[in-house]
Amino acid sequence: MITKIEEIANYAQENAAKLGIKKYDIYGSTVDDTSVQVDSGEPKQVKASNRSGVTVRVWNEQNTMGVTSTTDVDPKGLELALKTAYEASFFGVKDNVPDFSPEATKPIENKPQTKVEQAPVSELIEKLLSAEKELLATHPAITSVPYNGLAQRDIDRFYLNSDGAIRKESHSLASLYLYSRTEEEGKKPRSAGAYRIQESLVDLDITGCIQETAEKNISHLNYEKITTGKYKVVFSPEAFLNLLGAFSNLFNAQNILDNQSLSKADDIGKQIASPLLSVYDDALHHANVGAESFDGEGTPTRQIKLIENGILTNFLHSAGTAKRLNAQPTGHASIGAKVVVGPNFYHIFAAGVPEEEFSLETAENVVLIDDIHALHAGVKSLQGSFSLPFDGWLVNKGEKVSIESATVAGDFLELLKSIVYVEKEPELTPGGVCPRIWVSELSITGE
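Residues numbered from 1 in each chain as written. Predicted model: local features only at pLDDT ≥ 70, side-chain atom pairs only at ≥ 80, totals over all residues. Heavy atoms only, no water.

The subject of this paragraph is the packing of aromatic side chains. Aromatic ring pairs are defined here through the distance separating the ring centres and the angle between the ring planes. Counted according to the given criterion, the structure contains eleven aromatic pairs. Consider the rings of phenylalanine 358 and tryptophan 438, whose centres lie 5.3 Å apart with planes at 20°: the pair is stacked. You can see phenylalanine 358 sitting in the loop between strand S14 (346-350) and strand S15 (366-372) and its partner tryptophan 438 sitting in strand S23 (residues 437-446), a full 80 residues away along the chain. The pair phenylalanine 358 / tryptophan 438 is uniform in exposure class, with both members buried. Joined through ring pairs, the aromatic side chains of Tyr147, Tyr177 and Tyr179 make up one cluster. The ring of tryptophan 59 carries lysine 23 above its face, with NZ or CZ at 5.0 Å from the centroid. Just above the ring of tryptophan 393 sits the side chain of lysine 400; from NZ or CZ to the centre is 4.0 Å. (Phe/Tyr/Trp six-rings, centres within 6.5 Å; stacked < 30°, edge-to-face > 60°. Helix = DSSP H or I, 4+ residues; strand = E, 2+ residues; numbered from the N terminus. Buried < 20%, exposed > 50% of the residue type's maximum accessible area, 1.4 Å probe, protein only. Lys NZ or Arg CZ within 6 Å of the ring centre and 35° of its normal.)

Contact geometry of helix H3 (residues 121-137) with helix H4 (residues 206-219) gives a least axis separation of 10 Å together with a crossing angle of 35°. Between H3 and H4 the crossing geometry is right-handed. Every residue of H4 that contacts H3 at Lys127, Ala131, Glu134 and Leu135 is listed here: Ile206, Ile210, Thr213 and Ala214. Class assignment for the residues of the contact of H3 with H4 results in five nonpolar, one polar and two charged. (Axes fitted to C-alpha atoms, helices over the stretch in contact; angles between N-to-C directions. Left-handed = near helix turned anticlockwise from the far one by under 90°. Contact = heavy atoms within 4.5 Å. Nonpolar A, V, L, I, M, F, W, Y, C, P; charged D, E, K, R; others polar.)

On to the nonpolar core, then. Counting 49 residues, the largest nonpolar core has Phe235 and Phe386 as its most contacted members. Among the elements that take part in this core, helix H5 (residues 237-246) stands out by supplying five residues, more than any other. Not counting residues up to four positions away in its chain, the partners in contact with phenylalanine 386 are Leu243, Phe247, Gly378, Val379, Val408, Ala409, Gly410, Asp411, Phe412, Leu415 and Leu442. Residues Leu128, Leu135, Ala194 and Ile210 belong to the second largest nonpolar core, which totals 21 residues. (Core = buried A, V, L, I, M, F, W, Y, C linked by side-chain atoms within 4.5 Å.)

Below, the discussion takes up the environment of tyrosine 231. Relative to the helices and strands, tyrosine 231 resides in strand S8 (residues 229-235). Here the alpha-carbon distance between tyrosine 231 and valine 439, two residues 208 residues apart in the chain, equals 8.9 Å. When near neighbours in sequence (up to four residues on either side) are disregarded, tyrosine 231 contacts Ile226, Asn365, Val367, Leu394, Ser440, Glu441, Leu442 and Ile444. Separated by 2.6 Å, the side chain of tyrosine 231 and the backbone oxygen of threonine 227 make a polar contact. (Polar contact = N/O pair within 3.5 Å; in protein donor to acceptor, adjacent residues only side chain to side chain.)

For the rest of this paragraph, the subject is the side chain of aspartate 267. Assignment of secondary structure puts aspartate 267 in the loop between helix H6 (253-257) and strand S9 (277-282). At 2.8 Å, the side chain of aspartate 267 forms a polar contact with the backbone nitrogen of lysine 264.

This part is about the pairing of strand S19 (residues 406-411). As defined by bridge partners, strand S17 (residues 385-396) adjoins S19 across six bridges and the pair is classed as antiparallel. When the bridges of S19 are listed, serine 385 appears paired with aspartate 411. (Pairing = 2+ DSSP bridges.)

A separate point is the state of the cysteines. One way to say it: the disulfide is the covalent bond shared by the sulfur atoms of two cysteines. The tally for this structure, following the rule as stated, stands at zero disulfides. Residue cysteine 209 stays outside any disulfide, its sulfur separated by 19 Å from that of cysteine 434, the closest cysteine. Assessed through its relative accessible area of 0%, cysteine 209 is described here as buried. Taking relative accessible area as the criterion, cysteine 434 reaches 0% and is therefore assigned buried. (Disulfide = S-S within 2.5 Å.)

Turning next to the pairing of S14. In terms of strand pairing, S9 meets S14 through five bridges, oriented antiparallel. Residue pairing in the sheet places serine 278 in a bridge with phenylalanine 349 of S14. Direction of pairing for S14 relative to strand S22 (residues 432-434): parallel, over a ladder of two bridges. Note on S22: the bridge partner recorded for histidine 347 is valine 433.

So this is what it looks like as structure tokens:
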């Protein structure tokens, strides 16, 4: 598709001229995806898909806008899409009409566009079967790997508009997910998982993923009930990022304008978290495999400081929200029937000097939360409250005892303020880079 971007730009220009359309933009992507799953030594599912889509927006003489989506990018398909979007534009909204990003034509340092040659499906199956076998052999109690997947993906994206903006990029990704389950007589089944992502299958740390899954799962074998009460809580990087993601309306300018946020437009500069915490959104972070250099409106992505030493410093913007809040677009928009703002890749790290350093080796009676569940049901994102079941351990001077089943509850804004320690060692997760986060106390309810 990428080789055809210039062609697409030319078709669009010719067809727009023919239809008398002066102002339009087009965003498109192609995803070529192969994934395999296995079950008990046999291939279970092989999926291959090639998905293409373009979104065409057209503005008419009254400056209202119409949108249409198509999978057809030949001249006929584009002509029809432009025509349909033009007709739809007369029914478009009159207030806060989306516009081109003022940064859509700003030059971006060109990253090398390297796509890795995809491995044959037979190799994916073979690698995953051997990973399953190795994982099952690590401990007699590990009886199955009910969820697993090995996938590779090629992505091409482009954006162009009638002002002469033209952007394109491509990249490859390979990912592995393993989730195993243990069964022992007279005990409840326990499960745990791990995830790895890289640019190519060759670089994927399959052994590390197997070890992490096994270690986590084995550590849950000897479980005990936990007494309900207030505990000092340590969030694993992934658990903290999942919780932050559930309350990402805090930073989302679109949510703020829609009154669907825990923040208000004039909260910039307010202390909302412990001074020990800094949260950036950094699409271009070196650990972000498959980083995108522009968003759906063609705005270059960049590092955005959301929380600096506990102080709210920025929101995530599209071109439209930036205009309404008198700010700059930040490269966080995706276009469709409506422009949506969303985070790219979090980078969370320690700021300031902690009054005290904590360690799981010496701490007494702390709850280490590895994984939180039921985010769709247990989070009230507009009240700021959460009550979530979790997998984790009660840690006493380095000794970890798995918690049978329990929920953690609290208020997210209070949680941010009661962070007492942010560890130094970051960890890469699907949502970003983050270390373990220590919170002074939260309510834990055992069964």
